[in-house]
There are 2 protein chains.
Amino acid sequence: MSEHPLDPIFHPRAVAVIGVRSDPSGGMMGSFYDSLLESNFQEIGGLYPVNPKMDEIKGAKCYPSLLDTPDPVDHVISQVPASVVPDLVDQCVEKKVRSIHFFTAGFSETGDEKMAEVERDMIDKLRGAGIRAIGPNCMGLYVPSARLVFMSGFPMEPGNVFLLSQSGANAGEIIHGLMSRGIRFSKAISYGNGADLKAHDFLDYAAQDDETEVVAAYIEGVQDGRAFFDALKRCARIKPVVILKGGRTASGSHAAHSHTGSLAGAIEVFDAACRQAGAVRAETMDELHDLVVAASTNTRRVSGQGVALFGGGGGGFAVLSADAIDREGLTVPKMPKSAVDKMREYIPVAGSSVNNPIDAFPPEEHLEDMLRTVATAEGIDMVFMSPMTVRRPPPGARLSGPAQDPDPATTPEEARETARKGAAKAAEQMVKLEADTGTPVIGILRSSRMARMMGQDNDSISAAAYQAGIGLYPSVARAARTVAQVLEWKAYRAGLPDIFEGK
Amino acid sequence: MSEHPLDPIFHPRAVAVIGVRSDPSGGMMGSFYDSLLESNFQEIGGLYPVNPKMDEIKGAKCYPSLLDTPDPVDHVISQVPASVVPDLVDQCVEKKVRSIHFFTAGFSETGDEKMAEVERDMIDKLRGAGIRAIGPNCMGLYVPSARLVFMSGFPMEPGNVFLLSQSGANAGEIIHGLMSRGIRFSKAISYGNGADLKAHDFLDYAAQDDETEVVAAYIEGVQDGRAFFDALKRCARIKPVVILKGGRTASGSHAAHSHTGSLAGAIEVFDAACRQAGAVRAETMDELHDLVVAASTNTRRVSGQGVALFGGGGGGFAVLSADAIDREGLTVPKMPKSAVDKMREYIPVAGSSVNNPIDAFPPEEHLEDMLRTVATAEGIDMVFMSPMTVRRPPPGARLSGPAQDPDPATTPEEARETARKGAAKAAEQMVKLEADTGTPVIGILRSSRMARMMGQDNDSISAAAYQAGIGLYPSVARAARTVAQVLEWKAYRAGLPDIFEGK
């Protein structure tokens, strides 16, 4: 276990929620107490609701103030209005807490100079007492191993991705989005205005954290450019770091200023700094998701531009896919004559193509041979394939028509179990193909409608692919774009430690 | 009713399916007989399965050959292998059919000169007998009003969009994709190699077809450039035409050649021809869908670049949305001080922004006023909003956490009905806002997960928005891109008839 000064902050033993709500629409953002009940935080630590207007909440005693809580408290979550915060800060000092997370908004981000001063004063007072602050204007901590969550429904298994995000909503979107891709988190933090703890503190933490292998960041502005850049260099040198910068454009930058009080600075400087540090930049939320998947799976091992697309989706799909691959600067090399001849031994000429993209359903007994032929053909650096194309559709499957279970006699549970097994088998076949040929095999997700018709489901496919170390993307276009970005990322990391091998 | 020579071909009275299959996995492409049974074609016309190896199929008599069918047949669907096609062609001449659709593949697209010659010969013989051919290597006709379908599950209500597509799989994807956006079709045709009937025939038909208001096309290659361009000019002059060209890149063009035997030609020439004709080009399948939605809804009336984003999705969502809008060359003008002051009367400062993007939940009683304030502010040419942001989340709604029905006591049917009513009401509010202010209101779909948590569902929202004439897009980025393309499209149509007003 590492002994970083932020470690205790990521693992509090007793939490007080100040200004706790009993609003029936409490499931919205800011329902920290409910989320902590749901994650059973009390099983490993103390949980104290505080609100002077309530005697109890959900059967538990509610305390009138932080000072009335019976035991030591190391972490405080503030949901009180900004006007009450100075009092709360005094109580935190008196109670000797270790950290305070301000969900409370209405400080420097409002553009009101008086509130900016209140923010500075409270941070000064807290720092003077050795108390670290997260925020204000944010969602705070998600640490599965410490049963700490800021939205209900986050997975409780820990993973290897560390997330820092100024925005709470975007943190939620990243966590939910990557969760559905199979990814789990070591720690995530939404830090809003970053008045005390800032991006560089979290990057330094992530760099040395044994539980963290990949770092994702959503950043709107950097308050201390030098410290940020230095920390980014230290972290990105040894771990893959994927950064989405909000407020890249003039309009976005205005919005970021209203949101977290961030001043954007020149985007060219930011981009150059990322590149120099060896981090990769995502342009959109989708790209952030895809690049984190790439950094966590076999996609990071791709080393050339030649794609073999093993289709099964029809000729028109093959044409548009080839266009999408080409558009990203990758290539779709023609199969050599020897490979074509070999495949033509069992693939009929009519209604198929074996000339990359491969548009054919091979007979079961030739599938493995055909995949090897394609994966080892000259000029092929990776295979794109759908986990569904490894087999023919089951009897009765309807590739068009209303979505339906192929066999109406199966129960939903049986169907899910079949889907789970099918997905695991498909992922296994892809892993085997890669192991046998040394060619990375990249997964393409087809529509959930099509998956259902094949008796599969995309959640099972995503989970199985991630477990097997296979990068899986929602479309050929996104897979191609991700691979192109990874290749560029690798190129400008020349001279830095190799973070793309292994596993 | 118009009296175009192709009209009878789109409305056959008796269809024979030659080489009909009884394969249990018959739900795949090529299961024409099953699809026609499902659409109850027999209720309005004769349906004759033909296969010398079968006496009956699904309880109906199966005929040994086309010549054995008892009544006149005007349309033939060929599923026989290419080697048997010459015989079938002779039978078609003898039976005096009007049209034949060759699902059969294996002709010119194989690159085999002998098969290309077979293709030419059969077309010559058919033409000599006055028989028109669709294909070969395609899925043929979908005409809801004539109960003609080529995949099961297509909607049977007719609509106003005409689709021509060389690829059958892409035709299916376009029909299914647009169907989920609320759109329905007048006619759709997959015409493969286009050996006889070609794009220009269908464009001329669509131009004069009273049931067709918008035309969508997926084209891999043009055999007769002059005829195509002339027909495109005639059609695009008076109706919105959206074209997706497959095989734009070198890789895609190779794939297109293997798929439909298409020779791509210089893409710059194709693009210039589209532009000159006043058609709009989609770069991807998603863009095709979005542009057809735009041409069919209020999006076509947008006339400037200023976007007001009425958010409700969190500050980070607002920042990335502003970036996405700006990236497409649109603007996110700041709200004038008078508008800000007005909104601040009922929107608290902390945790909100009223400075565009608008990130706030207005109290119910101020919602209408707030929307009008935003829609009429200086510099605003359109409002982007989610049909979900017109109201606060219902009590108990959980914006995060596992997807679940807000009230577990409701049945799925009740939930759907509630969702349907909510969507209709939201669409109505958007229409009212546009009618009151003259500012187009564009819908943004949030994730289906979020919709479920708000007690809504995206299918209901899509259907309701389309019914109300509201353009609805899956993300801010796609809405912005679509609007930017529509503005450019309008600009280069200067001098051509206005096809963007009305309704």
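Our structure's up above, just so we're on the same page.
Bear in mind the structure is a predicted one, so any value in this text is a computation, not a measurement.

About the criteria used
- Residues numbered from 1 in each chain as written.
- Chains lettered and ligands numbered in written order.
- Predicted model: local features only at pLDDT ≥ 70, side-chain atom pairs only at ≥ 80, totals over all residues.
- Heavy atoms only, no water.
- Helix = DSSP H or I, 4+ residues; strand = E, 2+ residues; numbered from the N terminus.
- Rg over C-alpha atoms; globule rule 2.2 N^0.38 Å.
- Buried < 20%, exposed > 50% of the residue type's maximum accessible area, 1.4 Å probe, protein only.
- Contact = heavy atoms within 4.5 Å.
- Areas by Shrake-Rupley, 256 points an atom, 1.4 Å probe, with all protein chains shown as cover.
- Lys, Arg positive; Asp, Glu negative; His and termini not counted.
- Charge placed at Lys NZ, Arg CZ, Asp CG, Glu CD.
- Pairing = 2+ DSSP bridges.
- Axes fitted to C-alpha atoms, helices over the stretch in contact; angles between N-to-C directions.
- Polar contact = N/O pair within 3.5 Å; in protein donor to acceptor, adjacent residues only side chain to side chain.
- Core = buried A, V, L, I, M, F, W, Y, C linked by side-chain atoms within 4.5 Å.
- Phe/Tyr/Trp six-rings, centres within 6.5 Å; stacked < 30°, edge-to-face > 60°.
- Lys NZ or Arg CZ within 6 Å of the ring centre and 35° of its normal.
- Parallel < 35°, antiparallel > 145°, perpendicular 65-115°, else oblique.
- Left-handed = near helix turned anticlockwise from the far one by under 90°.
- Nonpolar A, V, L, I, M, F, W, Y, C, P; charged D, E, K, R; others polar.
- 1 Å grid on protein atoms, 1.4 Å probe; cavity = no way out; pocket = protein on both sides within 12 Å on 5 of 7 lines; lining within 4 Å.
- Points joined across faces, edges and corners; volume = space filled by probe spheres on them.

(A) Quick peek at the overall build of chain A. Scanning chain A from terminus to terminus reveals 17 helices and 17 strands. The C-alpha atoms of chain A give 26 Å as radius of gyration, which agrees with the globular expectation for 503 residues (23 Å, within 12%). Along the first, second and third principal axes, the C-alpha set of chain A runs to 80 × 55 × 40 Å. Across the 503 residues that make up chain A, the buried fraction comes to 60%. The contacts of chain A with a sequence gap of at least 6 include a subset with a gap of at least 24, amounting to 76%. For chain A, the exposed area adds up to about 18,900 Å²; of that, 52% sits on carbon and sulfur atoms. Across chain A, 51 positive and 64 negative side-chain charges occur, with their mean positions spaced 3 Å apart.

(B) Here's a closer look at the sheet that holds strand S5 (residues 75-78) of chain B. All names here are of chain B. The parallel open sheet is built from 5 strands, whose spatial order is S2-S1-S5-S6-S7. Every interior strand has two partners, whereas the edge strands, strand S2 (46-50) and strand S7 (132-134), have only one. Pairs of neighbouring strands in the sheet enclose a mean axial angle of 20°, with direction left out of account. Two elements, strand S6 (residues 99-102) and S7, share 3 bridges in a ladder whose sense is parallel. Each residue of the ladder has a partner; that of Ser99, found in S7, is Arg132. Contacting strand S1 (14-18), S5 and S6, helix H3 (residues 85-95) crosses the sheet at an angle of about 165° to S6.

(C) A look at the side chain of Ser31 of chain A. All names here are of chain A. As for its position among the elements, Ser31 is in the loop between strand S1 (14-18) and helix H2 (32-38). Given a relative accessible area of 10%, Ser31 falls into the buried group. Among the polar contacts made by the side chain of Ser31, one reaches the side chain of Asp34 at a distance of 2.9 Å.

(D) Inspection of unusual backbone geometry at higher detail. Of note, the amide linkage connecting Gly135 of chain A to Pro136 of chain A takes the cis form, showing an omega dihedral of 0°. Topologically, Pro136 of chain A is positioned in the loop between strand S7 (132-134) and strand S8 (140-142). Geometrically, the link from Asn356 of chain A to Pro357 of chain A is a cis peptide bond, its omega value of -5° lying close to zero. Summarising the element assignment, Pro357 of chain A is placed in the loop between helix H12 (337-344) and helix H13 (367-375). Its identity is not glycine, yet Lys96 of chain B carries a phi of approximately 60°, on the positive side. Along the chain, Lys96 of chain B turns up in the loop between H3 and S6. Assessed through its relative accessible area of 70%, Lys96 of chain B is described here as exposed.

(E) Here's a closer look at the nonpolar core. Ranked by internal contacts, the top residues of the largest apolar core, which has 218 residues, are Phe384 of chain A together with Phe384 of chain B. Beyond its immediate sequence surroundings of up to four residues, Phe384 of chain A is in contact with Val307, Ala308, Leu309, Phe310, Ile325, Ile442, Ile444, Val476, Ala479, Ala480 and Val483 of chain A.

(F) Molecular detail of the packing of aromatic side chains. Throughout the structure, instances matching the rule amount to 22 aromatic pairs over all chains. Seen from their ring centres, Phe162 of chain A and Tyr205 of chain A are 6.1 Å apart, and the 40° between their planes marks the pair as tilted. A residue pair is termed long-range when its members are at least 10 positions apart, and Phe162 of chain A in strand S9 (residues 161-165) and Tyr205 of chain A in helix H6 (residues 199-208) qualify at 43 residues. For Phe162 of chain A, a relative accessible area of 0% translates into the label buried. Ring geometry for Tyr191 of chain B against Phe202 of chain B: centres 5.2 Å apart, planes inclined by 55°, an arrangement best described as tilted. In this pair, Tyr191 of chain B sits in the loop between strand S10 (185-190) and helix H6 (199-208) while Phe202 of chain B sits in helix H6, placing the two residues 11 residues apart along the sequence. Classification of Tyr191 of chain B as buried rests on a relative accessible area of 0%. Classification of Phe202 of chain B by relative accessible area gives buried; the value is 1%. Ring pairs connect the aromatic residues Tyr142, Phe150, Phe154 and Phe185 of chain A, which therefore count as one cluster. Over the ring of Phe270 of chain B we find Lys245 of chain B, and its NZ or CZ is 5.7 Å from the ring centre. In this arrangement the basic side chain of Arg446 of chain B is found over the ring face of Phe317 of chain B, its NZ or CZ atom lying 3.8 Å from the centre.

(G) Examining helix H8 (residues 250-260) of chain B more closely. Taken as a whole, H8 of chain B has its buried residues at Ser251, Gly252, Ser253, Ala255, Ala256, His259 and Thr260 of chain B. In the core, the buried residues of H8 of chain B are packed alongside helix H11 (315-327) of chain A. Phi turns positive, to about 70°, at Gly261 of chain B, one or two residues after H8 of chain B.

(H) How the structure looks around the packing of helix H13 (residues 367-375) of chain B against helix H14 (residues 412-437) of chain B. Residue and element names in this part refer to chain B. Interhelical geometry of H13 versus H14 gives an angle of 50° and a closest axis separation of 10 Å. Classified by the interaxial angle, the pair formed by H13 and H14 is oblique. In the crossing of H13 with H14, the sense of the turn from one axis to the other is right-handed. Touching Leu367, Glu368, Leu371, Arg372 and Ala375 of H13 are Gln429, Lys432, Leu433, Asp436 and Thr437, all from H14. Looking at the contact of H13 with H14 residue by residue, the class counts come to 4 nonpolar, 2 polar and 4 charged.

(I) Spatial organisation of the sheet that holds strand S15 (residues 382-385) of chain B. Residues and elements named next belong to chain B. Ordered in space as S14-S15-S16-S17, the 4 strands form an open sheet in which the pairing is parallel. Two strands in the sheet have a free side with no partner beyond their single neighbour: strand S14 (307-310) and strand S17 (472-473). Pairing of strand S16 (residues 441-444) with S17 involves 2 bridges; the strand directions are parallel. Considered in S17, the bridge of Ile444 is made with Tyr473. Lying over the sheet, H13 contacts S14 and S15, oriented at roughly 155° with respect to S14.

(J) Representation of the layout of surface pockets. Residues and elements named next belong to chain A. Approximately 380 Å³ is the volume attributed to the second largest pocket. Taken together, 22 residues form the lining of the second largest pocket, with Ser108, Glu119, Asn193, Gln223 and Gly261 sitting closest to its centre. For the lining of the second largest pocket, the element with the highest residue contribution is helix H4 (residues 113-128), accounting for 7 residues. For the lining of the second largest pocket, a count of residues per class yields 5 nonpolar, 10 polar and 7 charged.

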